[in-house]
Amino acid sequence: MTVRLGSSLSALLRHPEFRTGVQEVSGVAPGLAAWGLMTGVAMVNSGMSVVEAVAMTLLVFAGSSQLAGIPLIAAGAPVWVILATSFCVNLRFVVFSAHLRSYLMHLPRPARLLAGYLCADMTYVLFVRRFPHPSLEPAQRQAELAYFAGSSGLNWVSWQAASLLGIALAQWIPSAWGLGFAGILALIGVTCSLASSPMRRVSAGVAGAAAVAAFALPYKLNIVVAIAVAVALCLLLESPAPSDRRAAE
Amino acid sequence: MSQPGTDWWTLGVIFGMAVITVVTRSFFFISSRPWHLPRWAQRGLQYAPIAALAAVIVPELVMTQGHLIASWQDARVFGATAGVAFYVWRRGAGQAVLGTIVVGMAVYLPLRIGLGW
């Protein structure tokens, strides 16, 4: 069992798509690292101990949910409020998981859960950009898996290293510098790379406006509302595919 | 001042948040039962990634403390514009995303630290 796992892991690491995944994440890694650094700083500045901050970065591994939870933990909010906030901030990942399901269902459940833990915004977006359609062929599935291992692996390592550095250097890095903005710029760059069709640009514009309009909603629910509005509008605007029309009749 | 102590309540909450992360990110592929997304949902999902990114980014650029910014003297707007301009100029070739980050920060940091925008 261990031998088989080891050999299949080394086959993944040697696959050319593993390197492609590493390369594509390396372009966004500096931005993500700056964001991870500031998350590390924020944890320590909120009054968490080093042990707690390290545990949070290693276990939770979710920037937006950590940033939402940090002030609640510091204020001693009820546990259910913190967990509900965490769930709502993560709701967009529920949408992503519906998308990724057909790529991952051929894997055993522990591997799927590991993929879930590793699947941050950037890894998901880069993955579906590289593989727009899930494959049924074993060779292509192996390529998908190798790419995911490379991109999510580097994403995990660079986020964790930066976060731990932030925890260590918290006293010396003032948040006034605004280093976290590099993370936003990384997301902007990837958004540009996704804006490959007019309908996708519509989706981005609608979602951006809706997220601002619905900003007052609690628990960052404006993000989920924005995704729902943008996707619904794009579905209405695009011409329905012929097969769909037949199915509907 | 001494370092803050570690308490079990906080560690428990952190563990709970870790479970929530894995459950939400794996939501639709935890169960092994066969099941298929309706066709319209599959088509709709191709618009979800860019929508999610825009929904995260835009409020971070144009809002402060829950309100739209009233002044154009905001380093974020200039940094983001410079980053996008670089990406469009390079037409996304090579490490254009890395360039977006570097150019954006090169505009953002002087405005933010130097002028306090």
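Residues numbered from 1 in each chain as written. Chains lettered and ligands numbered in written order. Predicted model: local features only at pLDDT ≥ 70, side-chain atom pairs only at ≥ 80, totals over all residues. Heavy atoms only, no water.

By the naming in an unreviewed UniProt entry, chain B is Branched-chain amino acid transport, taken from Polaromonas naphthalenivorans.

Looking up chain A in an unreviewed UniProt entry gives the name AzlC family protein, with the organism given as Polaromonas naphthalenivorans. Entered under Subcellular location (unreviewed entry) in the UniProt record, the comment concerning chain A runs "Cell membrane". Comment text from UniProt for chain A, heading Sequence similarities (unreviewed entry), reads "Belongs to the AzlC family." (UniProt positions renumbered as here; feature names shortened; annotations may be inferred.)

Peer 1: Describe in detail the overall build of chain B, supporting the description with residues and values.
Peer 2: The helix and strand inventory of chain B stands at five helices and two strands. The C-alpha atoms of chain B give 21 Å as radius of gyration, which overshoots the globular expectation for 117 residues (13 Å, by more than 25%). In terms of overall dimensions, chain B has C-alpha extents of about 55 × 55 × 30 Å along its principal axes. For chain B, long-range pairs separated by at least 24 residues make up 34% of all intrachain contacts whose partners lie at least 6 apart in sequence. Accessible area for chain B stands at about 6,600 Å²; split by element, carbon and sulfur atoms hold 66% of it. (Helix = DSSP H or I, 4+ residues; strand = E, 2+ residues; numbered from the N terminus. Rg over C-alpha atoms; globule rule 2.2 N^0.38 Å. Contact = heavy atoms within 4.5 Å. Areas by Shrake-Rupley, 256 points an atom, 1.4 Å probe, with all protein chains shown as cover.)

Peer 1: I'd like a rundown of the nonpolar core, residues and numbers included.
Peer 2: Counting residues in hydrophobic clusters, the biggest one holds 70 residues, and the most contacted among them are Val28(A), Leu100(A), Met122(A), Phe127(A), Phe181(A) and Val190(A). Take this core: its biggest share by element is 10 residues, from helix 3 (residues 48-62) of chain B. If sequence neighbours within four positions are ignored, Leu100(A) has contacts with Cys119(A), Tyr124(A), Phe127(A), Val128(A) and Phe29(B). Membership of the second largest hydrophobic core comes to 16 residues, among which are Ile70(A), Ile73(A), Ile167(A) and Ala18(B). (Core = buried A, V, L, I, M, F, W, Y, C linked by side-chain atoms within 4.5 Å. Buried < 20%, exposed > 50% of the residue type's maximum accessible area, 1.4 Å probe, protein only.)

Peer 1: Any chance you could break down the side chain of Glu144(A) for me, citing the residues and the numbers?
Peer 2: Residue and element names in this part refer to chain A. Inspection of the secondary structure puts Glu144 in helix 9 (residues 138-169). This buried residue, Glu144, is left without a salt bridge; Arg141 holds the nearest opposite charge, at 5.8 Å. Side-chain polar atoms of Glu144 contact the backbone nitrogen of Ser135, separated by 3.1 Å. Leave out the neighbours within four places in its chain, and Glu144 touches Tyr103, Phe127, Phe131, His133, Pro134 and Ser135. (Lys, Arg positive; Asp, Glu negative; His and termini not counted. Salt bridge = Lys/Arg side-chain N within 4 Å of Asp/Glu carboxyl O. Polar contact = N/O pair within 3.5 Å; in protein donor to acceptor, adjacent residues only side chain to side chain.)

Peer 1: Describe in detail the interface of chain A and chain B, supporting the description with residues and values.
Peer 2: Contact residues are listed per partner, giving 95 residues for chain A and 70 residues for chain B. In total, about 7,100 Å² of surface goes out of reach between chain A and chain B, with carbon and sulfur atoms giving 74% of it. Seen at the junction of chain A and chain B, the total is one salt bridge. Between Arg43(B) and Glu238(A) there is a salt bridge, and its shortest N-O distance comes to 2.1 Å. Linking chain A with chain B are 19 residue pairs in polar contact (both at pLDDT 80 or more). In terms of residue count, helix 10 (residues 181-194) of chain A provides more of the side of chain A that touches chain B than any other element does, 13 residues in total. The residue inventory of the side of chain A that touches chain B, partitioned by class, reads 62 nonpolar, 24 polar and nine charged. (Buried area = accessible area lost by both parts, 1.4 Å probe. Nonpolar A, V, L, I, M, F, W, Y, C, P; charged D, E, K, R; others polar.)

Peer 1: Describe the confidence of the model for chain A, with residues and values.
Peer 2: Mean pLDDT over chain A: 88, with 94% of residues reaching 70 or higher. Confidence drops under a pLDDT of 50 for residues 245-249 of chain A, and excluding neighbours within four residues, the segment shows one contact in the predicted structure. (pLDDT = per-residue confidence, 0-100.)

Peer 1: Lay out the UniProt feature "transmembrane region" (unreviewed entry) in chain A in plain terms, naming residues and giving numbers.
Peer 2: Residue and element names in this part refer to chain A. Feature annotation in UniProt assigns "transmembrane region" (unreviewed entry) to the following positions: residues 32-60, 72-94, 176-195 and 223-241. Secondary structure across residues 72-94 comprises 78% helix and 0% strand; the distance between its end C-alpha atoms is 23 Å. The span residues 176-195 shows a helical share of 70% and a strand share of 0%, and its end C-alpha atoms are spaced 32 Å apart.

Peer 1: Describe the state of the cysteines, naming the residues involved and giving the relevant values.
Peer 2: The term disulfide refers to a covalent linkage connecting the sulfur atoms of a pair of cysteines. All names here are of chain A. The full count for this structure, using the stated rule, is zero disulfides over all chains. The thiol of Cys192 is not disulfide-bonded; the next cysteine sulfur, from Cys234, is found 17 Å away. Overall, Cys234 belongs to the buried group, its relative accessible area being 0%. (Disulfide = S-S within 2.5 Å.)

Peer 1: Explain the packing of aromatic side chains to me, using residue names and the numbers behind them.
Peer 2: Summed over all chains, the structure comprises 16 aromatic pairs over all chains. Residues Phe93(A) and Phe96(A) carry aromatic rings whose centres are separated by 5.4 Å and whose planes lie at 85° to one another, so their mutual orientation is edge-to-face. Within this pair, Phe93(A) and its partner Phe96(A) are both found in helix 6 (residues 91-104), separated by three residues, close to a single helical turn. The same class applies to Phe93(A) as to Phe96(A), namely buried. Measuring from centroid to centroid gives 5.4 Å for Phe127(A) and Phe131(A), while their planes differ by 50°, and the two rings are tilted. Accessibility expressed as a relative area gives 4% for Phe127(A), which makes it buried. Through a chain of ring-to-ring contacts, three or more aromatic side chains come together here, namely Tyr103(A), Phe127(A), Phe131(A), Tyr147(A) and Phe148(A). Between Arg25(B) and the ring centre of Phe93(A), over which it is positioned, the NZ or CZ distance is 4.5 Å. (Phe/Tyr/Trp six-rings, centres within 6.5 Å; stacked < 30°, edge-to-face > 60°. Lys NZ or Arg CZ within 6 Å of the ring centre and 35° of its normal.)

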